[in-house]
Structures are given as structure tokens and as C-alpha cells.
Amino acid sequence: MTVHFPFQNSYAALPDSFFARVAPTPVAAPRLIKLNRPLAVQLGLDPDLLETPEGAAILAGKTVPEGADPIAMAYAGHQFGHFVPQLGDGRAILLGEVIDREGVRRDIQLKGSGPTPFSRRGDGRAALGPVLREYIVSEAMYALGIPTTRSLAAVVTGEHVIRETALPGAVLTRVASSHIRVGTFQFFAVRRDTEAIRRLADHVIIRHYPELRATERPYHDLLAAIVARQAELIARWLLVGFIHGVMNTDNSSISGETIDYGPCAFMDAYNPAQVFSSIDEMGRYAYANQPRIALWNLTRLAECLLPLFSDEQEKAVAQAQDILGAFSDQFSAAYQAGLRRKVGLFTMRDGDEALIQDLLDAMAKNQADFTLTFRKLGDAAADDGGDVRAQFMEPAAFDEWAGRWRARIALEPQSAAERQAAMHAVNPMFIPRNHRVEAVIQAAVNDDNYAPFEELVQVLAKPFQDQPDYAAYADPPLPDQRVLQTFCGT
Ligand code: AMP
Ligand code: MG
């Protein structure tokens, strides 16, 4: 039996200017280190066959499967605010698209599979550490219910990549509802290729927003729909303490999925100004800046779409501003509703927003662990709140707030058990804590030991369950375990 991918490629049928045809570069000795079996099944692939040497060769880019039409996608992008007219897939190759079991079209892409015409000075390769990081964090996001690209497989290539030192090379197979980015539109906008922008917008509508096909102003509605999905996505990030780290326009997905896991991280202690990425010296992509940056990126997208709005520039700009104007309210609505759920409120009353903000302020002042404070607050619905207090440097800061919170929840009819269950369903026990991710990477890179990786992935697959046997995975880092910086690792 040979591995069969039921490819139905659509992006590769777009005009030549959209991509470069390029095959992956064969590697020395591919070895499969992880296959996401449930995801394989969902994609209509046979997991047993993918685990054979033939499967590993495909997932490493050594053999191209039947029906693939490998391309590197063209895109541009603002990186830390500076526009680069040509980026493109420099180390990623789209093998093709399949329709999954739910009828959703999904890209299957190899990341780290060799140079492409867009590689610039890069080697087209990925090191094992960042591949494992993306695998862990993207699958954790999925388990948290947050829209994201997924990880189908990780292979080591048997070759070294040269970064600061020689590191084991690896390839990640990434699955996305598409890899179209804000930067994809920018690629054509900077070339003043309005026809290509229209082709791309039509492709995006059919693929991600089919309900807009027959509307009167599909391109306006498209922008509005993308704005709405981004507002929702960023709210979801904030509600779990996620910091993307490189919200460049080329890392901003049109489908509303989280994409490009580089120096991303979850924060431990709550700090709105938190930054982990070593290259984000100005804090542009700090935790609390993310909504503002998303709107900035969407504004760049709107600029690309102006020629589709109206021939009259002023009119088009006014229409775009009108649509972008919805972002703040949409973000706030999603964020506030999420916060209300996190503190266990079933109804909405005057003063709720201030009550919740006071908790966040106290958490920031007291370096309270973001994840555990909310998780243990769920238990506090049914107990005296001792475990929440313990998260605060000055426990009295919580006591004062808890009195107001208890008075507020007493106005609702739900039982303590009901409230606790509802809170536990939205407040995870387990997130991919930096120090755990780092430890897993060290074991794999230094000792070729993947047992810690497997265990971490398994725990993070059920983030809302207590899993007493793995309780230590919920712990914040000890002072000497703290990871202060993360790296792109490219
Ligand atoms: P990223 O920071 O991963 O979003 O990548 C930004 C741009 O740099 C994209 O165009 C990537 O394809 C490209 N890039 C990153 N790493 C490499 C590499 N090792 N070789 C070639 N291109 C790369
Ligand atoms: Mg990128």
C-alpha cells in the first residue's frame, strides 16, 4: 500500500504570479518523531501508512506524494512596522489541499523543507527546537478551542542546520484552513495589480466566507468579516494569556486562525506589558498591545482592498474607515464576555466591568499567576478561596476583592457546583508553560529523548481537566526555571 493524499488543489490553479513552483529538497535520513494520528484521520489520511518509512519520507519532503502540486506562496509584509515588498514562503512548501472529514478545505504544508525562490539569505530549513515548539503550542491552542493552524507531524531530517551552533534539522507538517495572510494582499497592492487583488479576494470569499458570495458589496463585507474574526481571535488570545510575539502582517491570517508560532509564549504572572520575544525590543507586540496591533494590520489590509471598494479614493477610504471602526467594539464585546465567564458571572450588571478590572489590577500588582488565579477562582465558588489567595504576593489584596465578588455572585441563582463547572470549562488548568516547553526541547535536542515531549503534548490535549497525576504541569516556574526570553529560531 502506498500513502494516498486525496489532494484537491485550488491555490496552485491561481495565476503564476501568486507563487513559485518548487519541490522540497530531499534530506539525508528522515525519522518520524511525531504523528498526530487523530488529525491524520480527520484529513482522510491513513495514520498507519504515514508511520511507515515511506510516510516519513513524504513528511520530510524526501518524496513528493501523488497529486501534490508543491508551491511556495508569494507574500509581502510589514515586519515590526517596516514594509518588505517581497517575503514569501522562504522555508515552507505547500504540498496541496485536501477536503477534511467535515468538508473543510485544508492546506498541507511542509515547514523547513528546503530553499525556495523566496528564501533570500535563509537556508530554507528549520531547527528541531522551533519545530517542537510550534507542534506543542499550536496543538495546545487547538485543545483550548482557539482557531489555529495545526501540526500533523514532526520529522528530524538527519541533517544539521547551522544557527548560532549546529542543531538537528527538522520539518513540521502544518495544516491550515489556508496560508493566505494580510501580506498576501500587500504583495499585489504594492505592485498595483488590482486584478490579482480581485482574484485573491474572490478565492478567499469562496474558501473562507462563502456566505458573502451573493451579497451586494462582497469586498466590503469581506473586510468586515475578517475584522470580526480577528477581533474575536485576539480576545481569545488575551483570555488565555497568549502572546504571539511577531504580529507582523505576514503572520496575520485572513481566515482568522492563529498562525506562525515563533517566539510566542503564554505568560505566567499577569503583566499587561509582558514581552518574551528577544527581537521585540520596543514591546510592539506586548500582551496588551495585541488588539491595537491587530487593528493596525487590518488597516493595512483595508488599504489593499480600496481599489475594489470604489474608483473614488475618498469614498473608498471613508467606507474602509467605517468598517475598521467596528473592530474596537467587537474586540471589547468578545473580551468582556470572556472575562465575565472567567469569573463565573452568568448575567450582566452595572459595575461588572470595574469589578473584573479590579481583579486584573490586583493580579498585576501582586504578580499573580494568570492561569492558576482563574482556575482556582472556579474552586473558590465552592470553597474558601485559599488556593487563589496563595497566588497573590499580598493575599489581603484578594480578600478585599473576593468579598465584592461573593456578594455579586450571590445575586445569581446558580449553585456553587454549577458555577465551578462553568468556570472550569473556560479556565484551563494546563497551558504550555515556557519552562516546560524549554525542558522538552532540551531533552529532545541534547539527549534525543522524546518522552517529555510526548507527555507534555498528552497533558495539554485536555487543558480543562484536572489530571491529578500530572498536577506538576500546572505549576508556574520556580524563580530559577523562569524563561525570560524566547527566540524565533529561524
Ligand atoms: P517568520 O519570522 O517565520 O514569519 O518568517 C519571516 C520570513 O522569513 C518568511 O518569508 C519566511 O519564509 C522567511 N524565513 C524564515 N526563516 C527562514 C529560513 N531559515 N530560510 C529561508 N527563509 C526563512
Ligand atoms: Mg511568518
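Owing to the predicted nature of the structure, the values given are computational and were not obtained by experimental measurement. (Residues numbered from 1 in each chain as written. Chains lettered and ligands numbered in written order. Predicted model: local features only at pLDDT ≥ 70, side-chain atom pairs only at ≥ 80, totals over all residues. Heavy atoms only, no water.)

1. Examining the overall build of the chain
We apply this condition: In this description a helix means any DSSP run of H or I spanning at least four residues, a strand means any run of E spanning at least two, and both kinds are numbered starting from the N terminus. Radius of gyration: over C-alpha atoms. The globule rule applied is 2.2 Å multiplied by the number of residues raised to the 0.38 power. Throughout, exposure labels follow a simple rule: accessible area from a 1.4 Å probe, protein chains only, divided by the maximum for the residue type, with under 20% read as buried, over 50% as exposed, and the rest as partly exposed.
Across its full length, the chain holds 17 helices and twelve strands. In summary, the chain has a C-alpha radius of gyration of 23 Å against a globular reference of 23 Å for 490 residues, a match within 12%. Judged by the C-alpha coordinates and their principal axes, the chain covers about 65 × 60 × 40 Å. When burial is assessed residue by residue, the chain has 57% of its 490 residues classed as buried.

2. Examining the nonpolar core
What counts here: Nine residue types can take part in a nonpolar core, namely buried Ala, Val, Leu, Ile, Met, Phe, Trp, Tyr and Cys, and a core is a set of them joined through side-chain atoms within 4.5 Å. By definition, residues are in contact when any of their heavy atoms lie within 4.5 Å.
Grouped together as the largest cluster of nonpolar side chains are 101 residues, with contacts concentrated most on Phe-185 and Leu-377. Considering each element in turn, this core owes the most residues, 14 residues, to helix α7 (residues 218-240). Beyond its immediate chain neighbours, meaning those up to four positions away, Leu-377 contacts Lys-342, Val-343, Leu-359, Leu-372, Val-388, Phe-398, Trp-401, Trp-405 and Met-423. Judged by nonpolar contacts, the second largest core, of 27 residues, contains Ala-154, Leu-372, Phe-430 and Tyr-473.

3. Description of the site of ligand 1
The cut-off we apply is this: Nearness is judged by heavy atoms alone; a residue qualifies as near a molecule or strand once a single heavy atom is within 4 Å of it. For this analysis, a polar contact is any N or O atom pair within 3.5 Å, provided that within protein one partner can donate a hydrogen and the other can accept it, and provided that sequence-adjacent residues contribute only side-chain to side-chain pairs. To be clear on the numbers: accessible area is Shrake-Rupley with a 1.4 Å probe, and residue cover counts the displayed protein chains and nothing else. Classification convention: Asp, Glu, Lys, Arg as charged; Ala, Val, Leu, Ile, Met, Phe, Trp, Tyr, Cys, Pro as nonpolar; all other residues, Gly among them, as polar.
Taken together, the neighbourhood of ligand 1 is formed by 18 residues, with Gly-88, Gly-90, Arg-120, Asp-123 and Gly-124 sitting nearest. Arg-125 is positioned such that a nitrogen or oxygen atom in its backbone is 3.3 Å from a nitrogen atom of ligand 1. For ligand 1, the protein covers 85% of the area, taking 490 Å² as the surface of the free molecule. Partitioning the shell around ligand 1 into residue classes produces two nonpolar, eight polar and eight charged.

4. Things to note about the UniProt feature "active site" (unreviewed entry) in the chain
Using the following cut-off: UniProt positions are given in the numbering used here, feature names are shortened, and annotations may be inferred rather than shown by experiment.
Mapped onto this numbering, the UniProt entry annotates "active site" (unreviewed entry) at Asp-250. Relative to the elements of secondary structure, Asp-250 occurs in the loop between β11 (242-243) and β12 (265-266). For Asp-250, a relative accessible area of 6% puts it in the buried group. Those residues in contact with Asp-250, other than ones at most four positions away along the chain, are Tyr-75, Ala-76, Gly-77, His-78, Gln-79, Leu-87, Arg-181 and Gly-183.

5. Structural notes on the packing of aromatic side chains
The condition that has to hold: Two aromatic rings from Phe, Tyr or Trp, using only the six-membered ring of Trp, form a pair when their centres are within 6.5 Å; if the ring planes differ by under 30 degrees the pair is stacked, by over 60 it is edge-to-face, and anything between is tilted.
Considering all chains together, one arrives at 18 aromatic pairs under this definition. Look at Tyr-135 and Phe-453: their rings are 5.5 Å apart centre to centre, the planes differ by 70 degrees, and that puts the pair in the edge-to-face class. Of this pair, Tyr-135 sits in helix α4 (residues 128-143) while Phe-453 sits in helix α17 (residues 451-460), and the two are 318 residues apart along the sequence. We classify Phe-453 as buried; its relative accessible area is 0%.

6. Re the pattern of salt bridges
Using the following cut-off: By definition, a salt bridge exists where a carboxyl oxygen of Asp or Glu is found within 4 Å of a side-chain nitrogen of Lys or Arg.
Taken as a whole and judged by the stated rule, the model has 28 salt bridges. Glu-134 is paired through a salt bridge with Lys-111; the nearest N and O atoms lie 2.8 Å apart. Placement of the pair is Glu-134 in helix α4 and Lys-111 in strand β7 (residues 105-111), with a sequence separation of 23 residues. Its relative accessible area of 2% is what places Glu-134 among the buried residues. By relative accessible area, Lys-111 is classed as buried at 10%. The partner of Arg-404 in a salt bridge is Glu-400, and the shortest N-O contact between them spans 3.9 Å. Note that Arg-404 and Glu-400 are positioned in helix α14 (residues 395-409) at a spacing of four residues, about one turn of the helix. Owing to a relative accessible area of 34%, Arg-404 belongs among the partly exposed residues under this scheme. When salt bridges with common partners are traced through the structure, they connect Lys-111, Glu-134, Arg-174, Arg-181 and Asp-260 into a single cluster.

7. Description of the environment of Ser-332
In this structure, Ser-332 sits in helix α10 (residues 326-342). Accessibility expressed as a relative area gives 33% for Ser-332, which makes it partly exposed. In this structure the C-alpha to C-alpha distance between Ser-332 and Ala-397, which are 65 residues apart in sequence, comes to 26 Å.

8. With respect to the domain arrangement of the chain
To keep it simple, the criterion reads: For the domain bounds, the source is a domain assignment made automatically or taken from a database. A 1.4 Å probe defines the accessible area here, and the buried area is the portion of it lost by two parts on being joined, summed over both.
Domain boundaries assigned for the chain yield domain 1 (11-179), domain 2 (183-265 + 273-325), domain 3 (336-424) and domain 4 (434-481). Of note, the centres of domain 1 and domain 4, computed from C-alpha atoms alone, are 24 Å apart. Listed per partner, the contact involves 15 residues of domain 1 and 17 residues of domain 4. Together domain 1 and domain 4 conceal approximately 1,400 Å² of surface at their shared face, both sides included; 74% is due to carbon and sulfur atoms. Considering only the side of domain 1, the residues that lose the most area to domain 4 are Leu-132, Arg-133 and Ile-136, jointly responsible for 36% of the buried surface there.

9. Focus on the coordination of the magnesium ion (ligand 2)
Selection criterion: Only N, O and S atoms count as donors, using a 2.8 Å cut-off from the metal and 3.2 Å for Na, K and Ca, and because water is excluded some sites may appear unfinished.
Those protein atoms acting as donors to the magnesium ion (ligand 2) are Asn-251 (OD1) and Asp-260 (OD), and they sit at 1.8 to 2.1 Å. Given the relative accessible area of 11%, Asn-251 is considered buried.

10. Remarks on the packing of α7 against α10
Short version of the rule: Structural elements are reduced to axes, namely lines fitted to C-alpha atoms, with helices fitted over the stretch in contact, and the angle between N-to-C directions of any two is expressed from 0 to 180 degrees. Should the near helix be turned anticlockwise from the far one by less than a right angle, the crossing is termed left-handed; should it be turned clockwise, right-handed.
The geometry of α7 relative to α10 is characterised by a closest axis approach of 8 Å and an angle of 35 degrees between their N-to-C directions. For α7 against α10, the interelement crossing comes out right-handed. Along its contact with α7, which presents Val-227, Ala-228, Gln-230, Ala-231, Glu-232, Ile-234, Ala-235, Leu-238 and Leu-239, the element α10 presents Phe-327, Gln-330, Phe-331, Ala-334, Tyr-335, Gly-338, Leu-339 and Lys-342. Along the lines of polarity and charge, the residues of the contact of α7 with α10 split into twelve nonpolar, three polar and two charged.

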